[in-house]
Amino acid sequence: MSIDTDTARRIARLARIRVEEERLPALAREFDAILRFIEQLREVDVEGVEPMTSVTPMRLRLRPDEVTDGDRQAEVLLNAPDAREGFFAVPKVVE
Amino acid sequence: MTDLTALTLAEARDRLRARDISAPELTEAYLAAIEGADALGAFVHKTPDLARRQAEAAQKRLDAGMSPDLCGIPLGIKDLFCTEGVPSQAASRILEGFRPPYESTVTAQLRKAGAVMLGKLNMDEFAMGSSNETSCYGPAVNPWRRRDDPAPLTPGGSSGGSAAAVAAGLCAAATGTDTGGSIRQPAAFTGIVGLKPTYGRVSRWGIVAFASSLDQAGPMTRDVRDAAILLRAMAGPDPRDSTCADRPVPDYEAGLSGDIRGKVIGVPREYRMEGMPPEIEALWAEGRRMLEDRGAVMRDISLPHTRYALPAYYVIAPAEASSNLARYDGVRFGRRAALSPGDGIVEMYEKTRAEGFGAEVQRRVMIGTYVLSAGFYDAYYNRARKVRTLIRRDFETVFAEGVDAILTPATPSAAFPLGAAEAADPVKMYLNDVFTVTVNLAGLPGISVPVGLDRDGLPLGLQLIGRPWEEGDLLNLAYALEDAAGFLARPTRWW
């Protein structure tokens, strides 16, 4: 299959990356080349094969459900581009 | 007096313990070397004050006669590791100004062992690249050049700064990370040793995530003994990483006997690629002969799904990256784009990510988004995960048949000129990882060992792939290969 400009625009939108309209055709061609490379996977017989979930057979350990950390508001906000009154600040979301 | 920066990690350790040299003296020698090496673009955030304080503290421990292996050893740390109060930005504009208020598990362990941090090392942005050219800092440069040709070469990637720094003697050793070959390929390009451990051997906590099911940190060092020492210090269980194995870490250095008699080494026929340069073919044959001379038994093996490893990787890694990199939204840390009046939160996300991520990162995030999107998830992502199961099964089969380790080339070529990657299309660039990526998909340990020089005088490496959790055995094989190869060449200083 081939990727058209509309698809490229949709992917960029889903990925929340602004792509200028004039760059879309080139982007579509790049995606197309990469996807053609990936298409080789269709040759493989995967009938009855389980998709890998964990590369090392191990059981995920559960820790005790206890509070062991917290009260770090200052550290959490330390690197925020815009923090006000103990919160992260963003443009207005709800009109 | 000998040049202190010429000592291996093990030699420096022994001389520090013998009070032959002091930790501050060793650190000063490296700081001076770094100051004179800006042309290599290896160190992107230097931390001389921290290094001096750590060296003083290390000397006190050495004076008290209680010093772990790394006490007083100056190291370089890849920019992907979060280091408290020190810029940690994964070579991305989007993490500009980010200073973590915490320390990654690996670097915390190194600090606790008394290691000295000289600074942060260059890399491809978010570890996505094979030439260190996607870095927001500009490329790192290989200390090696072709004979009679001053054209700058890539040190490889993504751990290009780590490789350049170790090869040029700017640090005793460095940390790297490897998602598809990012430790082993740069190690091969710069004539050093690089080890990617078994998935789960080293904690990923505090390391900026690229593809969580493939990422693994490991040592980049001047020789195999140093890799054994540094791996032991980096590895071990971590309650903060649930994928980090609860397994004791052996004393890898103590296991370096060089005795490999009777070990069965697999030589996979699928790694004999069409169009492989004759020099790589010859090096591989040479490596087989060297191991055979030491008493190992060569066996031809088949890993039938090898050719599907790269396509599977270029589904799985971008898929995981698109999810991991969703956190860079301009809200909680890093860069936020300047907004126009009336811009809402979606414009903030889109503009921030457009100006914060470089072209290769954007490309992979979008490919990942596509393969995970409704209607394509099964066709791409699930199929790739099934192929991954088959790739791991290939290895399990040969290991079950008595193969102890596998010998392959580390890279399809020697280091190439900077700028060549830009000219090539992305898919061609991906072929750099053809010999290394299977190891990440199967979660196995792999090590790159410098074995020879090509006709232009550039280093070439071979890769040994081990059984899961058997880094000790793998290091001992690498030790024998290193000894047989006797690779002593060093780059001629031009920087």
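Residues numbered from 1 in each chain as written. Chains lettered and ligands numbered in written order. Predicted model: local features only at pLDDT ≥ 70, side-chain atom pairs only at ≥ 80, totals over all residues. Heavy atoms only, no water.

**Student:** Residues and numbers for the overall build of chain B, please.
**Tutor:** Secondary structure assignment for chain B yields 16 helices and eleven strands. Referenced to the eigenvectors of the C-alpha coordinate spread, the extents of chain B come out at roughly 65 × 55 × 50 Å. Across the 495 residues in chain B, those meeting the buried criterion constitute 66%. When the accessible surface of chain B is totalled, it reaches about 16,000 Å², and 50% of it is carbon and sulfur. With 55 positive and 61 negative side-chain charges, chain B shows a separation of 3 Å between the mean positions of the two kinds. (Helix = DSSP H or I, 4+ residues; strand = E, 2+ residues; numbered from the N terminus. Buried < 20%, exposed > 50% of the residue type's maximum accessible area, 1.4 Å probe, protein only. Areas by Shrake-Rupley, 256 points an atom, 1.4 Å probe, with all protein chains shown as cover. Lys, Arg positive; Asp, Glu negative; His and termini not counted. Charge placed at Lys NZ, Arg CZ, Asp CG, Glu CD.)

**Student:** Provide a residue-level description of the overall build of chain A, including the pertinent values.
**Tutor:** For chain A, the helix and strand inventory stands at three helices and two strands. Listed N to C, the secondary structure of chain A is α-α-α-β-β in terms of helices and strands. Taking 95 residues into account, the globule formula puts the C-alpha radius of gyration at 12 Å, and chain A, at 23 Å, lies well above it. Dimensions along the principal axes, computed over C-alpha positions, put chain A at roughly 55 × 45 × 25 Å. Here chain A holds 95 residues, and the buried ones make up 34% of them. A total of about 7,100 Å² of accessible surface is found on chain A, and carbon and sulfur atoms cover 49% of it. Taken together, the 15 basic and 20 acidic charged side chains of chain A have centroids lying 3 Å from each other. (Rg over C-alpha atoms; globule rule 2.2 N^0.38 Å.)

**Student:** I'd love a proper account of the confidence of the model for chain B, names of residues and values included.
**Tutor:** Of all residues in chain B, 100% have pLDDT values of 70 or greater, and the mean over the chain is 96. Interface predicted TM-score (ipTM) for the complex: 0.95; the corresponding pTM is 0.97. (pLDDT = per-residue confidence, 0-100.)

**Student:** Now, about helix α16 (residues 471-485) of chain B: what can you tell me, with residues and values included?
**Tutor:** All names here are of chain B. Taking 1.5 Å of rise per residue, the 15 residues of α16 would be expected to cover 21 Å, and the 20 Å separating its terminal C-alpha atoms lies within 8% of that figure. Listed in full, the buried residues belonging to α16 are Glu471, Leu474, Leu475, Asn476, Leu477, Ala478, Ala480, Leu481, Glu482 and Ala485. Where α16 ends, the next residue or the one after it, Gly486, has phi of about 55 degrees, a positive value. (Expected span 1.5 Å × (residues − 1).)

**Student:** Explain the pairing of strand β4 (residues 173-178) of chain B to me, and be specific about the residues and the numbers.
**Tutor:** Residues and elements named next belong to chain B. Counting buried positions along β4 gives six out of six residues, so the element sits mostly inside the fold. Neither face of β4 is open: one carries Ala173, Thr175 and Thr177, the other Ala174, Gly176 and Asp178, and all of them are buried. Sheet topology note: the strand β2 (residues 74-78)/β4 ladder contains two bridges and is parallel. Its bridge partner being in β4, Leu75 is matched across the sheet by Ala173. (Pairing = 2+ DSSP bridges.)

**Student:** How would you sum up the sheet that holds strand β5 (residues 193-196) of chain B? Please name residues and give values.
**Tutor:** Residue and element names in this part refer to chain B. The strand order across the open sheet built from eleven strands is β1-β3-β2-β4-β6-β5-β10-β11-β9-β7-β8, with neighbouring strands paired in mixed fashion. At either margin of the open sheet sits one strand with a lone partner, and together these are β1 (43-46) and β8 (297-301). The average undirected angle you get between the axes of adjacent strands in this sheet is 30 degrees. Here seven bridges tie strand β10 (residues 446-453) to strand β11 (residues 459-466), and the two strands are oriented antiparallel to one another. Considered in β11, the bridge of Ile447 is made with Leu464. (Axes fitted to C-alpha atoms, helices over the stretch in contact; angles between N-to-C directions.)

**Student:** Account for the interface of chain B and chain A, with residues named and values stated.
**Tutor:** On the chain A side, the residues contacting the 70 residues of chain B number 53 residues. For the pairing of chain B and chain A, the buried interface totals around 5,300 Å² over both sides, and the portion due to carbon and sulfur atoms is 68%. The interface formed by chain B and chain A includes four salt bridges. Salt-bridge contacts for Arg336 of chain B lead to Asp82 of chain A; the nearest nitrogen and oxygen are separated by 4.0 Å. The interface formed by chain B and chain A includes 17 residue pairs in polar contact (both at pLDDT 80 or more). Put simply, the parts of the chain that give the side of chain B that touches chain A at least two residues each are α9 (309-324), α10 (345-356), α11 (359-372), α12 (377-400) and α14 (426-430) of chain B. Ranked by residue count, the leading element in the side of chain B that touches chain A is α12 of chain B, at twelve residues. Of the residues contributing to the side of chain B that touches chain A, the split by class is 36 nonpolar, 15 polar and 19 charged. (Contact = heavy atoms within 4.5 Å. Buried area = accessible area lost by both parts, 1.4 Å probe. Salt bridge = Lys/Arg side-chain N within 4 Å of Asp/Glu carboxyl O. Polar contact = N/O pair within 3.5 Å; in protein donor to acceptor, adjacent residues only side chain to side chain. Nonpolar A, V, L, I, M, F, W, Y, C, P; charged D, E, K, R; others polar.)

**Student:** Describe the environment of Leu121 of chain B, listing the residues and the values that go with them.
**Tutor:** Residue and element names in this part refer to chain B. Topologically, Leu121 is positioned in strand β3 (residues 116-121). By relative accessible area, Leu121 is classed as buried at 0%. Sequence-wise, Leu121 and Ser162 are 41 residues apart; in three dimensions their C-alpha atoms are separated by 5.8 Å. Excluding residues within four positions of it along the chain, Leu121 makes contact with Ala42, Phe43, Val44, Gly76, Ile77, Lys78, Asp79, Gly161, Ser162, Ala165 and Ala174.

**Student:** Which residues make up α12 of chain B, and what are the values?
**Tutor:** For α12 of chain B, spanning 24 residues, the distance from its first C-alpha to its last is 33 Å, which sits close to the expected 34 Å at 1.5 Å a residue. Gly402 of chain B, located one to two residues past α12 of chain B, shows a positive phi value of around 100 degrees.

**Student:** Summarise unusual backbone geometry; cite the residues concerned and give the values.
**Tutor:** With omega at 10 degrees, the peptide bond leading from Gly157 of chain B into Ser158 of chain B counts as cis. By the secondary structure assignment, Ser158 of chain B is in the loop between β3 and α5 (160-167). In this structure, Asp71 of chain A takes a positive phi of about 55 degrees despite not being glycine. The residue Asp71 of chain A is located in the loop between α2 (24-38) and α3 (73-77) in this model.

**Student:** Outline the side chain of Arg184 of chain B, listing residues and values.
**Tutor:** Residue and element names in this part refer to chain B. For Arg184, the position within the fold is in helix α6 (residues 184-190). Engagement of the side chain of Arg184 in a polar contact is seen with the backbone oxygen of Thr436, the distance being 3.1 Å. The residues touching Arg184, leaving out its near neighbours within four places in the chain, are Asp178, Gly194, Lys196, Thr436, Val439, Asn440, Gly446, Ile447, Ser448 and Gln463.

**Student:** So what's going on with a nonpolar patch on the surface? Residues and values would help.
**Tutor:** Residue and element names in this part refer to chain A. Where nonpolar side chains cluster on the molecular surface, the patch consists of Val90, Val93 and Val94 and spans about 270 Å² of accessible area. Among the secondary structure elements, Val94 is positioned in the segment after β2 (87-88). Owing to a relative accessible area of 65%, Val94 belongs among the exposed residues under this scheme. (Patch = residues over 30% accessible without salt bridge, like charges linked within 9 Å, V, L, I, M, F, W, Y side chains within 5 Å.)

**Student:** An account of the packing of α9 of chain B against α12 of chain B is needed here, citing residue identities and associated values.
**Tutor:** Packed helix pairs are characterised by how far apart their axes lie and by the angle those axes make with each other. Residues and elements named next belong to chain B. Viewed as axis vectors pointing N to C, α9 and α12 meet at an angle of 125 degrees, and their least axial separation amounts to 9 Å. The pairing of α9 with α12 is recorded here as oblique in orientation. Remark: the crossing between α9 and α12 carries left-handed chirality. Residue-level inspection shows Ala309, Ala312, Val315, Ile316 and Ala319 of α9 in contact with α12, the latter providing Tyr380, Tyr381, Ala384, Arg385, Val387, Arg388 and Ile391. (Parallel < 35°, antiparallel > 145°, perpendicular 65-115°, else oblique. Left-handed = near helix turned anticlockwise from the far one by under 90°.)

**Student:** Go over the pattern of salt bridges with me, naming the residues and quoting the values.
**Tutor:** Residues and elements named next belong to chain B. Under the definition given, this model contains 43 salt bridges over all chains. Between Arg225 and Glu253 there is a salt bridge, with the nearest N and O atoms lying 3.0 Å from each other. Within this pair, whereas Arg225 is found in helix α7 (residues 224-234), its partner Glu253 is found in the loop between α7 and β7 (264-268), the two being separated by 28 residues in sequence. For Arg225, a relative accessible area of 25% translates into the label partly exposed.

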